[in-house]
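Survey of secondary and tertiary structure
Single-letter residue listing:
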Amino acid sequence: MNRYALLLVLPWIVACSSEVTPATILDQCGTPATSETLRVMEGLKPHCEGCHAQGTRGYFASVAAFQNLLVSDSRLVKAGSPNDSELVRLLEGRGTGAFKQMPIGQKSYAQLVSEGTATLPVEAVRAWIQGLGAQQRDSRPNPDAPRITRMSADQVQRALYQQLGLGYDDFFVNAKEFGFDMAESRGEDHLPLQSPDAIPSPRQYISGERYHGLGGGSVMNQVSADRTPAPTFALTLTQVSQRWCRRALAKPDNTALFPKGATRTANPADVKATLKRWSLHFLGERFTDTQVDELYTDVFVPLVTPTDTEPAYVGVCSYFIRHPHWIFY
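**Focus on the confidence of the model for the chain**
- Taken as a whole, the chain shows an average pLDDT of 86; of its residues, 87% reach a score of 70 or greater.
- Low confidence marks residues 1-32, where pLDDT is under 50. Its contacts with residues over four positions away, or in another chain, come to 63 contacts.

See below:
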């Protein structure tokens, strides 16, 4: 694994599946998720899952996550002692950490309850914590936990826009269809892509299909997101990276790839300086001189022509975008 891989350090989620029953949690983790725990989770979920559905604080991602990330963490829930539980203090608007209340906003959870917006009283949370027995957390790491993940279609699009100095206006113009705002493609030869669920949504179907090719999901099209490095993803990214790199190089006054003072020449010293800068720009790592020499010899030189350096620069630009350290993190 390289240092850019995302290590999911969640040692307390060991053999617990994200789709387990309370009985399974008891068998695998040693701590039962009782019916009262489930009731508390469901009561808090509408006001908490917006910020806590994934990641190391994804308490509401599943029953197992709630049990192991929150209930079994004595820093948040002190079994048998509601007054010493940070969860209660946050709900009441008197947290002692970085945040004074949860959910974040002008009103505390207790105030939402008093107004009828939230239905689970804080007293019910207190009573639940009071009745909790000692909780257990398994310190062993999960050998099956994913350690790297592929960029999603939205992340690919945002990263390319930022790193190539491109944006929505380079691919779309605003249009109307039956009174609805639509994203009208500037031309299919630009290989535009846009989520069908975006606002404005793409008017041309192929823009959404290209988004799906990168693994993007859609509620409108009933397509599930796919984060696997499938052949369709590789093919779509190859086409998009080459075309978008070419578009970025041709865009007037675009300093994303060539900051002021940098020149696009065939001079070996200038080219290698650009390659070293691009390694940091795209991958967050500075290539060694040996790596730069290899990239210059194997990718740039075979594509450069006596009259045009564009194919060579497009080649090395798209090389970085298709690099495993760019695709995975």
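**Let's talk about the packing of helix α10 (residues 268-283) against helix α12 (residues 310-321)**
- Axis separation between α10 and α12 bottoms out at 10 Å; the angle between their running directions is 25°. Relative to α12, the element α10 lies roughly parallel. Note that α10 runs across α12; the crossing there is right-handed. On α12, the residues that touch Val 271, Thr 274, Leu 275, Trp 278, Ser 279, Phe 282 and Leu 283 of α10 are Tyr 313, Val 316, Cys 317, Phe 320 and Ile 321.
- Its residues assigned to classes, the contact of α10 with α12 comprises ten nonpolar, two polar and no charged.

**Quick look at the state of the cysteines**
- Summed over all chains, the structure comprises one disulfide.
- The disulfide bridge from Cys 245 ends at Cys 317, spanning 2.0 Å between sulfur atoms. Taking the sign of the S-S torsion, about -75° here, the bridge from Cys 245 to Cys 317 comes out left-handed. Here Cys 245, found in helix α9 (residues 231-250), pairs with Cys 317, found in helix α12; they are 72 residues apart in sequence, far enough to count as distant.
- Free of any disulfide, Cys 48 has its nearest cysteine sulfur in Cys 51, 8.8 Å distant.

**Thoughts on the side chain of His 323**
- Note on placement: His 323 falls in the loop between α12 and α13 (324-327).
- At 3.0 Å, the side chain of His 323 and the backbone nitrogen of His 325 are in polar contact.
- The contacts of His 323, once residues within four sequence positions are left out, are Leu 283 and Phe 287.

**As for the pairing of strand β2 (residues 180-185)**
- With six bridges connecting them, strand β1 (residues 172-177) and β2 associate as antiparallel partners. Along β2, the bridge assignment pairs Ala 175 with Met 182.
- The hairpin turn running from β1 into β2, its antiparallel successor, is two residues long, and Phe 178 in that turn takes a positive phi close to 55°.
- In this sheet, strand β3 (residues 201-202) lies alongside β2 in parallel orientation, the contact comprising two bridges. Of the residues in β3, the one forming a bridge with Met 182 is Ser 201.

**Things to note about the nonpolar core**
- Counting residues in each nonpolar core, the largest one holds 44 residues, and the members touching the most others are Leu 164, Trp 244, Leu 257, Trp 278, Phe 282, Ile 321 and Trp 326.
- Among the elements of the structure, α7 (153-164), α9, α10, α11 (289-303), α12 and α13 are those that each provide at least two residues to this core.
- Among residues more than four places away in sequence, those in contact with Trp 278 are Leu 257, Phe 258, Leu 283, Tyr 313, Val 316, Cys 317 and Phe 320.
- The next biggest cluster of nonpolar side chains, apart from the first, holds 26 residues, and it includes Leu 69, Val 77, Val 125 and Ile 129.

**Points about the sheet that holds β2**
- Taken in spatial order, the three strands of this open sheet run β1-β2-β3, and their pairing is mixed. On the outer flanks of this sheet lie β1 and β3, each paired with one strand and no other.

**A closer look at helix α8 (residues 205-213)**
- Inspection of α8 places Ser 207, Gly 208, Arg 210, Tyr 211, His 212 and Gly 213 among the buried residues, and these make up the whole buried set.
- For α8, the secondary structure elements touched by its buried residues are α7, β1, β3 and α9.
- Immediately beyond the C-terminal end of α8, within one or two residues, lies Gly 215, with a positive phi of roughly 95°.

**Let's talk about the packing of aromatic side chains**
- Tallying each qualifying case throughout the model produces 15 aromatic pairs.
- Between Tyr 168 and Phe 172 the ring centres are 5.3 Å apart and the planes differ by 25°, which places this aromatic pair in the stacked class.
- The buried category is assigned to Phe 172, whose relative accessible area is 1%.
- With a centroid separation of 5.3 Å and 70° between ring planes, the pair formed by Tyr 319 and Phe 320 is classed as edge-to-face.
- For Tyr 319, a relative accessible area of 29% puts it in the partly exposed group.
- By relative accessible area, which is 0% here, Phe 320 ends up buried.

Here is what the cut-offs are and how they apply
Residues numbered from 1 in each chain as written. Predicted model: local features only at pLDDT ≥ 70, side-chain atom pairs only at ≥ 80, totals over all residues. Heavy atoms only, no water. pLDDT = per-residue confidence, 0-100. Contact = heavy atoms within 4.5 Å. Axes fitted to C-alpha atoms, helices over the stretch in contact; angles between N-to-C directions. Helix = DSSP H or I, 4+ residues; strand = E, 2+ residues; numbered from the N terminus. Parallel < 35°, antiparallel > 145°, perpendicular 65-115°, else oblique. Left-handed = near helix turned anticlockwise from the far one by under 90°. Nonpolar A, V, L, I, M, F, W, Y, C, P; charged D, E, K, R; others polar. Disulfide = S-S within 2.5 Å. Polar contact = N/O pair within 3.5 Å; in protein donor to acceptor, adjacent residues only side chain to side chain. Pairing = 2+ DSSP bridges. Core = buried A, V, L, I, M, F, W, Y, C linked by side-chain atoms within 4.5 Å. Buried < 20%, exposed > 50% of the residue type's maximum accessible area, 1.4 Å probe, protein only. Phe/Tyr/Trp six-rings, centres within 6.5 Å; stacked < 30°, edge-to-face > 60°.

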